[in-house]
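# Fold and geometry: a report
What follows is the residue order along each chain.
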Amino acid sequence: MTHAEPVYEHPYPPAELESEHPFRVLDFVEYPPDEMAERAAAFEALMTRRRSPRLFSDRPVPRELIESAIRTAATAPSGAHKQPWRFVATKSAEVKTAIRAAAEEEERVNYLESRMNDEWQEALAPIGTDHHKEFLELAPWIVVLFEERFERRPDGETRKNYYVKESVGIAAGIFISALHNMGLATLTHTPSPMAFLTRMLGRPDNERPFVMFPIGYPLPDVKVPDFDRKPLDEVMVMVDEPAD
Ligand SMILES: Cc1cc2nc3c(=O)[nH]c(=O)nc-3n(C[C@H](O)[C@H](O)[C@H](O)COP(=O)(O)O)c2cc1C
(Lines give C-alpha, C1' and ligand atoms only; values in the text may rest on other atoms or scores of the structure.)
Protein backbone atom coordinates (compact mmCIF):
# COMPACT_ATOMS: atom_id res chain seq x y z
CA MET A 1 0.00 0.00 0.00
CA THR A 2 1.39 3.39 -0.89
CA HIS A 3 1.65 6.01 1.80
CA ALA A 4 -0.82 8.92 1.47
CA GLU A 5 1.26 12.10 1.78
CA PRO A 6 -0.16 15.12 3.66
CA VAL A 7 -1.44 18.13 1.75
CA TYR A 8 0.16 21.33 3.05
CA GLU A 9 -1.93 24.35 3.83
CA HIS A 10 1.14 26.53 3.22
CA PRO A 11 3.09 25.01 0.32
CA TYR A 12 6.74 25.86 -0.23
CA PRO A 13 7.77 27.72 -2.25
CA PRO A 14 4.73 29.95 -2.67
CA ALA A 15 4.16 30.79 -6.35
CA GLU A 16 5.12 34.43 -5.84
CA LEU A 17 8.50 33.49 -4.35
CA GLU A 18 9.20 31.04 -7.15
CA SER A 19 8.47 33.73 -9.73
CA GLU A 20 11.29 35.83 -8.22
CA HIS A 21 13.87 33.25 -7.10
CA PRO A 22 14.83 29.98 -8.81
CA PHE A 23 13.98 26.65 -7.18
CA ARG A 24 14.75 23.08 -8.17
CA VAL A 25 13.27 19.70 -7.27
CA LEU A 26 15.18 18.01 -4.44
CA ASP A 27 17.47 15.23 -5.63
CA PHE A 28 16.57 12.74 -2.88
CA VAL A 29 17.45 9.06 -3.01
CA GLU A 30 15.25 6.75 -0.97
CA TYR A 31 16.51 3.29 0.02
CA PRO A 32 14.48 0.20 0.89
CA PRO A 33 14.17 -0.24 4.71
CA ASP A 34 16.68 -3.13 4.83
CA GLU A 35 19.22 -1.09 2.94
CA MET A 36 18.61 1.89 5.25
CA ALA A 37 19.41 -0.25 8.28
CA GLU A 38 22.51 -1.67 6.60
CA ARG A 39 23.78 1.77 5.61
CA ALA A 40 23.10 3.13 9.11
CA ALA A 41 25.01 0.26 10.74
CA ALA A 42 27.92 0.53 8.29
CA PHE A 43 28.29 4.30 8.79
CA GLU A 44 28.00 3.97 12.56
CA ALA A 45 30.70 1.26 12.58
CA LEU A 46 32.92 3.39 10.38
CA MET A 47 32.56 6.50 12.56
CA THR A 48 32.97 4.52 15.79
CA ARG A 49 36.54 3.74 14.68
CA ARG A 50 37.43 7.43 14.25
CA ARG A 51 40.09 8.66 16.66
CA SER A 52 42.43 11.63 16.87
CA PRO A 53 46.07 10.50 16.72
CA ARG A 54 48.87 12.78 17.95
CA LEU A 55 51.69 11.12 16.00
CA PHE A 56 51.46 11.23 12.20
CA SER A 57 53.55 9.55 9.53
CA ASP A 58 55.27 11.85 7.02
CA ARG A 59 53.98 9.69 4.12
CA PRO A 60 52.67 11.98 1.39
CA VAL A 61 48.94 12.33 0.73
CA PRO A 62 47.73 13.39 -2.72
CA ARG A 63 46.29 16.90 -2.97
CA GLU A 64 43.18 15.50 -4.71
CA LEU A 65 42.12 13.74 -1.50
CA ILE A 66 42.41 16.96 0.53
CA GLU A 67 40.43 18.82 -2.14
CA SER A 68 37.73 16.16 -2.06
CA ALA A 69 37.43 16.41 1.75
CA ILE A 70 37.12 20.19 1.48
CA ARG A 71 34.49 19.98 -1.28
CA THR A 72 32.60 17.49 0.89
CA ALA A 73 32.85 19.72 3.99
CA ALA A 74 31.61 22.64 1.93
CA THR A 75 28.30 20.79 1.37
CA ALA A 76 27.44 21.70 4.99
CA PRO A 77 24.25 23.62 5.68
CA SER A 78 24.89 27.23 6.75
CA GLY A 79 22.88 30.11 8.19
CA ALA A 80 21.16 31.91 5.25
CA HIS A 81 23.42 29.82 2.96
CA LYS A 82 26.31 32.21 3.63
CA GLN A 83 28.89 29.38 3.58
CA PRO A 84 31.11 31.31 6.02
CA TRP A 85 34.13 28.98 5.85
CA ARG A 86 37.59 29.05 4.29
CA PHE A 87 39.78 25.96 4.30
CA VAL A 88 43.41 27.09 4.05
CA ALA A 89 45.59 24.13 3.07
CA THR A 90 49.37 23.79 3.09
CA LYS A 91 51.88 21.03 2.48
CA SER A 92 54.82 23.48 2.44
CA ALA A 93 57.60 22.44 4.84
CA GLU A 94 58.40 26.12 5.42
CA VAL A 95 54.82 27.01 6.37
CA LYS A 96 54.39 23.92 8.57
CA THR A 97 57.65 24.68 10.40
CA ALA A 98 56.54 28.25 11.04
CA ILE A 99 53.11 27.06 12.27
CA ARG A 100 54.75 24.52 14.59
CA ALA A 101 57.07 27.13 16.11
CA ALA A 102 54.24 29.62 16.73
CA ALA A 103 51.85 26.95 18.06
CA GLU A 104 54.51 25.60 20.42
CA GLU A 105 55.19 29.09 21.73
CA GLU A 106 51.48 29.71 22.49
CA GLU A 107 51.14 26.27 24.06
CA ARG A 108 54.35 26.74 26.09
CA VAL A 109 52.73 29.76 27.75
CA ASN A 110 49.50 27.75 28.25
CA TYR A 111 51.13 24.70 29.78
CA LEU A 112 54.30 26.02 31.43
CA GLU A 113 53.32 29.55 32.43
CA SER A 114 49.85 28.65 33.73
CA ARG A 115 47.75 30.48 31.13
CA MET A 116 45.65 27.31 31.39
CA ASN A 117 43.85 27.20 34.75
CA ASP A 118 43.85 24.16 37.06
CA GLU A 119 40.42 22.97 35.99
CA TRP A 120 41.47 22.95 32.32
CA GLN A 121 44.75 21.15 33.12
CA GLU A 122 42.80 18.57 35.16
CA ALA A 123 40.48 17.90 32.21
CA LEU A 124 43.45 17.40 29.89
CA ALA A 125 45.42 15.15 32.28
CA PRO A 126 44.12 11.79 30.88
CA ILE A 127 45.06 12.91 27.36
CA GLY A 128 48.49 14.09 28.46
CA THR A 129 48.94 16.81 25.85
CA ASP A 130 51.82 19.25 26.29
CA HIS A 131 53.45 22.06 24.35
CA HIS A 132 55.36 19.78 21.93
CA LYS A 133 53.71 19.82 18.50
CA GLU A 134 56.16 17.89 16.30
CA PHE A 135 53.27 16.42 14.34
CA LEU A 136 52.56 19.85 12.85
CA GLU A 137 55.80 19.57 10.86
CA LEU A 138 55.63 15.86 10.13
CA ALA A 139 52.02 15.45 8.98
CA PRO A 140 51.96 15.92 5.19
CA TRP A 141 49.13 18.46 5.29
CA ILE A 142 47.77 21.14 7.58
CA VAL A 143 44.35 22.57 6.84
CA VAL A 144 43.28 25.57 8.91
CA LEU A 145 39.55 26.18 8.90
CA PHE A 146 38.72 29.88 9.17
CA GLU A 147 35.31 31.29 10.01
CA GLU A 148 34.26 34.27 7.88
CA ARG A 149 32.90 36.59 10.58
CA PHE A 150 31.25 38.84 7.99
CA GLU A 151 31.29 39.03 4.22
CA ARG A 152 33.44 41.65 2.52
CA ARG A 153 32.35 42.20 -1.07
CA PRO A 154 34.77 43.17 -3.87
CA ASP A 155 33.50 46.79 -3.73
CA GLY A 156 34.39 46.95 -0.01
CA GLU A 157 30.78 46.72 1.22
CA THR A 158 30.16 44.34 4.10
CA ARG A 159 27.30 41.97 4.85
CA LYS A 160 26.49 40.08 8.01
CA ASN A 161 26.95 36.32 8.18
CA TYR A 162 24.52 34.34 10.33
CA TYR A 163 25.13 31.51 12.79
CA VAL A 164 28.78 31.48 11.79
CA LYS A 165 30.09 29.19 14.55
CA GLU A 166 27.24 26.72 14.15
CA SER A 167 27.77 26.58 10.38
CA VAL A 168 31.55 26.25 10.55
CA GLY A 169 31.27 23.62 13.30
CA ILE A 170 29.02 21.51 11.09
CA ALA A 171 31.45 21.91 8.15
CA ALA A 172 34.30 20.83 10.45
CA GLY A 173 32.38 17.68 11.40
CA ILE A 174 31.74 16.78 7.79
CA PHE A 175 35.42 17.45 6.95
CA ILE A 176 36.58 15.09 9.72
CA SER A 177 34.08 12.44 8.56
CA ALA A 178 35.17 12.76 4.91
CA LEU A 179 38.84 12.31 5.85
CA HIS A 180 38.05 9.31 8.04
CA ASN A 181 35.92 7.77 5.30
CA MET A 182 38.79 7.97 2.79
CA GLY A 183 41.24 6.38 5.24
CA LEU A 184 43.05 9.47 6.51
CA ALA A 185 43.43 10.63 10.09
CA THR A 186 43.30 14.08 11.59
CA LEU A 187 43.62 15.75 14.98
CA THR A 188 41.25 18.59 15.81
CA HIS A 189 43.83 21.06 17.10
CA THR A 190 43.31 24.46 18.73
CA PRO A 191 46.63 25.92 19.94
CA SER A 192 45.09 28.84 21.76
CA PRO A 193 45.16 31.74 20.97
CA MET A 194 45.31 31.12 17.21
CA ALA A 195 45.55 34.68 15.92
CA PHE A 196 49.06 33.94 14.59
CA LEU A 197 47.43 31.80 11.87
CA THR A 198 45.61 34.79 10.38
CA ARG A 199 48.92 36.67 9.98
CA MET A 200 51.02 33.68 8.95
CA LEU A 201 48.56 32.46 6.32
CA GLY A 202 47.86 35.96 5.00
CA ARG A 203 44.13 35.93 5.68
CA PRO A 204 42.00 39.09 5.73
CA ASP A 205 40.69 40.64 8.95
CA ASN A 206 37.13 39.34 8.44
CA GLU A 207 38.40 35.77 8.91
CA ARG A 208 39.22 34.15 12.25
CA PRO A 209 40.91 30.75 12.76
CA PHE A 210 38.38 28.20 13.98
CA VAL A 211 40.31 24.95 14.11
CA MET A 212 43.55 23.52 12.72
CA PHE A 213 43.72 20.04 11.19
CA PRO A 214 47.03 18.22 10.74
CA ILE A 215 46.14 15.44 8.27
CA GLY A 216 47.84 12.25 7.16
CA TYR A 217 48.34 8.61 8.06
CA PRO A 218 48.72 7.84 11.76
CA LEU A 219 52.18 6.60 12.73
CA PRO A 220 51.93 2.74 12.83
CA ASP A 221 50.84 1.48 16.25
CA VAL A 222 50.22 4.99 17.55
CA LYS A 223 48.45 5.04 20.91
CA VAL A 224 45.37 7.07 21.80
CA PRO A 225 43.72 7.46 25.22
CA ASP A 226 41.63 4.41 26.15
CA PHE A 227 38.40 6.39 26.07
CA ASP A 228 34.87 5.05 25.89
CA ARG A 229 32.07 7.12 24.45
CA LYS A 230 28.89 7.86 26.35
CA PRO A 231 26.20 5.23 25.67
CA LEU A 232 23.02 6.20 23.84
CA ASP A 233 20.97 6.60 27.01
CA GLU A 234 23.38 9.31 28.19
CA VAL A 235 23.34 11.30 24.97
CA MET A 236 19.74 10.81 23.80
CA VAL A 237 16.62 12.03 25.55
CA MET A 238 13.20 10.92 24.32
CA VAL A 239 10.34 13.33 24.97
CA ASP A 240 6.76 12.15 24.46
CA GLU A 241 4.80 15.07 25.85
CA PRO A 242 5.44 18.76 26.56
CA ALA A 243 7.21 19.34 29.88
CA ASP A 244 5.05 22.33 30.82
C1 LIG B 1 37.11 21.86 19.41
C2 LIG B 1 38.19 20.86 19.73
C3 LIG B 1 39.45 21.29 20.07
C4 LIG B 1 40.47 20.37 20.34
N5 LIG B 1 41.73 20.82 20.59
C6 LIG B 1 42.73 19.94 20.79
C7 LIG B 1 44.06 20.39 20.94
O8 LIG B 1 44.35 21.59 20.87
N9 LIG B 1 45.04 19.47 21.13
C10 LIG B 1 44.78 18.13 21.15
O11 LIG B 1 45.70 17.33 21.32
N12 LIG B 1 43.51 17.66 20.98
C13 LIG B 1 42.50 18.53 20.78
N14 LIG B 1 41.21 18.07 20.55
C15 LIG B 1 40.98 16.62 20.43
C16 LIG B 1 40.26 16.02 21.63
O17 LIG B 1 41.13 15.94 22.73
C18 LIG B 1 39.71 14.64 21.23
O19 LIG B 1 38.79 14.79 20.20
C20 LIG B 1 39.05 13.93 22.41
O21 LIG B 1 40.01 13.63 23.38
C22 LIG B 1 38.33 12.66 21.96
O23 LIG B 1 39.21 11.78 21.32
P24 LIG B 1 38.93 11.21 19.86
O25 LIG B 1 38.87 12.40 18.92
O26 LIG B 1 40.11 10.32 19.58
O27 LIG B 1 37.62 10.48 19.89
C28 LIG B 1 40.19 18.99 20.29
C29 LIG B 1 38.90 18.55 19.96
C30 LIG B 1 37.92 19.46 19.67
C31 LIG B 1 36.53 18.97 19.26
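Before any of the text, the structure's been laid out above.
Only a predicted model underlies this, so the values are computations on that prediction, with no experimental measurement involved.

Conventions we followed
Chains are numbered independently. Their residues run from 1 in the order of the written sequence. Local features in this predicted model are restricted to residues of pLDDT 70 or higher, and side-chain atom pairs are both shown and tallied only at a pLDDT of 80 or more, whereas totals for entire chains, interfaces and linings draw on every residue. The numbering of helices and of strands both runs from the N terminus, where a helix is a DSSP run of H or I of at least 4 residues and a strand a run of E of at least 2. Exposure in this text rests on C-beta crowding, where 20 or more other C-beta atoms within 10 Å of a residue's own make it buried, 12 or fewer make it exposed, and counts in between make it partly exposed. The C-beta atoms are placed from the backbone. Each residue receives a C-beta atom placed from its backbone. It is near a molecule or strand if this atom lies within 6 Å of it. In this classification, the charged set is Asp, Glu, Lys and Arg, the nonpolar set is Ala, Val, Leu, Ile, Met, Phe, Trp, Tyr, Cys and Pro, and all remaining amino acids, among them Gly, are polar. Lines fitted to the C-alpha atoms define the axes, with helices restricted to the stretch that makes contact. Angles between their N-to-C directions range from 0 to 180 degrees. In this scheme, a crossing is called left-handed if the near helix is turned counterclockwise away from the far one by less than a right angle; it is called right-handed if the turn is clockwise. Residues are scored as being in contact if the C-beta atoms we place from backbone atoms lie within 7 Å. Should DSSP find at least two bridges between two strands, the strands are regarded as paired.

The next thing to look at is the overall build of the chain. For the chain, the helix and strand inventory stands at 9 helices and 6 strands. Across the 244 residues in the chain, those meeting the buried criterion constitute 23%.

Turning our attention to the site of the ligand. Neighbouring residues of the ligand: 13 residues in total, closest Arg51, Ser52, Thr129, Thr188 and Thr190. Per-class residue counts for the shell around the ligand are 6 nonpolar, 5 polar and 2 charged.

Where helix H3 (residues 63-73) meets helix H7 (residues 164-181), the closest approach of the two axes is 8 Å, and the angle between their N-to-C directions is 140°. Note on packing geometry: the crossing formed by H3 with H7 is right-handed. Across the interface between the two elements, Ala69, Thr72 and Ala73 of H3 pack against Ala171, Ile174, Phe175, Ala178 and Leu179 of H7. When the residues that make up the contact of H3 with H7 are grouped by side-chain class, the tally is 7 nonpolar, 1 polar and no charged.

A separate point is the sheet that holds strand S6 (residues 207-216). Pairing is antiparallel across the open sheet formed by 4 strands, whose spatial order is S1-S2-S6-S5. The open sheet is flanked by strand S1 (85-90) and strand S5 (185-186), the only strands paired with a single partner. Examined bridge by bridge, S1 and strand S2 (residues 141-148) share 6 bridges and lie antiparallel to one another. Considered in S2, the bridge of Trp85 is made with Glu147. The sheet strands contacting H3 are S1, S2 and S6, and the helix crosses S1 at an angle near 170°. Those strands touched by H7 are S1, S2, S5 and S6, and its axis lies near 160° from that of S2.

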